[in-house]
Amino acid sequence: MEGKKPKILLCEDDQNLGMVLKNYLELNDFDVTLERDGRLGLAAFQRERFDLCLLDIMMPHMDGFTLAEEIRDVDPDIPLFFLSAKTMKEDIIQGYKLGADDYITKPFDSEVLLLKIKAILKRNEETNKEQENKEYDLGDYHFNPKLRELSHSGKTQTLSPKENELLKMLCEHMNDLLPREQALKKIWGSDTYFNGRSMDVYIAKLRKYLKDDDSIEIVNIHGNGFRLVVPVA
């Protein structure tokens, strides 16, 4: 995250708390988008890329738990904190079951929240660097996502950004299911019918690029997604 401020999505319907927290985080070199209900929060998440989400639970139009489920459908790995006045054990358990990295009860110390945010973003940045540098051997092919290169028998195909991202997601789920909705929301921004047709075209392109190794195939799991089948050495 060198050279740019980490982006935080803050969803909080308490106007005073929302503005105080936004200003505090911005003073500490974060770029904060504040939305005051879950539906607007989801729209913001679909428009932009964020490094972390801070979600209130009791919000109008869409509660924080529902918003968290929608966010996790798009990006299972983005750090996610709940900020809530709900202190019941059942609510806290539900928050963690939805994939929260932390559940912070109100009132809370802003400095402690800041330190928690910095700690998890640092850990996430290190993990992302490892992922960015990861390369894949797919049968007779070699795939370098960072350079967007797919190589075979001395020939190299440079992939388009969407081709590269789709193949990378398939590799990250190698021999397992890549949910269709997850790929559509992460790469195309939404899972509309037309985006789905576009993704099918890109899947066909990737199959063509990989056709010279019969042991590799991209299988369509009807209604669910795709599976990149690669023989295990």
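About the thresholds
- Residues numbered from 1 in each chain as written.
- Predicted model: local features only at pLDDT ≥ 70, side-chain atom pairs only at ≥ 80, totals over all residues.
- Heavy atoms only, no water.
- Phe/Tyr/Trp six-rings, centres within 6.5 Å; stacked < 30°, edge-to-face > 60°.
- Buried < 20%, exposed > 50% of the residue type's maximum accessible area, 1.4 Å probe, protein only.
- Helix = DSSP H or I, 4+ residues; strand = E, 2+ residues; numbered from the N terminus.
- Lys NZ or Arg CZ within 6 Å of the ring centre and 35° of its normal.
- Domains from an automatic or database assignment.
- Contact = heavy atoms within 4.5 Å.
- Buried area = accessible area lost by both parts, 1.4 Å probe.
- Salt bridge = Lys/Arg side-chain N within 4 Å of Asp/Glu carboxyl O.
- Polar contact = N/O pair within 3.5 Å; in protein donor to acceptor, adjacent residues only side chain to side chain.

The name that an unreviewed UniProt entry assigns to the protein chain is Two-component system response regulator, with the source organism given as Niastella populi.

Q: How do you make sense of the packing of aromatic side chains when you look at a structure like this?
A: Both the distance between ring centres and the angle between the ring planes are used here to describe each pair of aromatic rings. Tallying each qualifying case throughout the model produces 6 aromatic pairs. Geometrically, the ring pair formed by F45 and F50 is stacked, given 6.5 Å between the ring centres and 10° between the ring planes. The class for F45 is buried, based on a relative accessible area of 8%. F50 gets classed as buried once you look at its relative accessible area, which sits at 9%. Taking 6.1 Å as the distance between ring centres and 55° as the angle between the ring planes, the aromatic pair formed by F82 and Y103 counts as tilted. You can see F82 sitting in strand 4 (residues 80-84) and its partner Y103 sitting in strand 5 (residues 102-105), a full 21 residues away along the chain. You'll find F82 and Y103 in the same group, each marked buried. One cation-aromatic arrangement involves K205 over Y202; the distance from NZ or CZ to the ring centre is 4.8 Å.

Q: Before we go on, may I ask you to explain the domain arrangement of the protein chain in this structure?
A: Interface size, as often reported, equals the accessible area lost upon joining of the parts. Each assigned domain of the protein chain is listed here: domain 1 (7-132) and domain 2 (135-229). Here the C-alpha centroids of domain 1 and domain 2 sit 30 Å apart. Contacts between the two partners involve 9 residues from domain 1 and, on the opposite side, 8 residues from domain 2. The contact between domain 1 and domain 2 buries some 840 Å² in all, and 42% of this surface belongs to carbon and sulfur atoms. If you sort the residues of domain 1 by the area they bury against domain 2, D73, V74 and E132 come out on top, with a joint share of 48%. Counting across the interface, domain 1 meets domain 2 through 1 salt bridge. Taken together, the connections running from domain 1 to domain 2 amount to 2 residue pairs in polar contact (both at pLDDT 80 or more). Residue assignment for the side of domain 1 that touches domain 2 shows that the elements contributing at least two residues are helix 3 (64-74) and helix 5 (110-132). Looking at which element gives the most residues to the side of domain 1 that touches domain 2, the answer is helix 3, with 3 residues.

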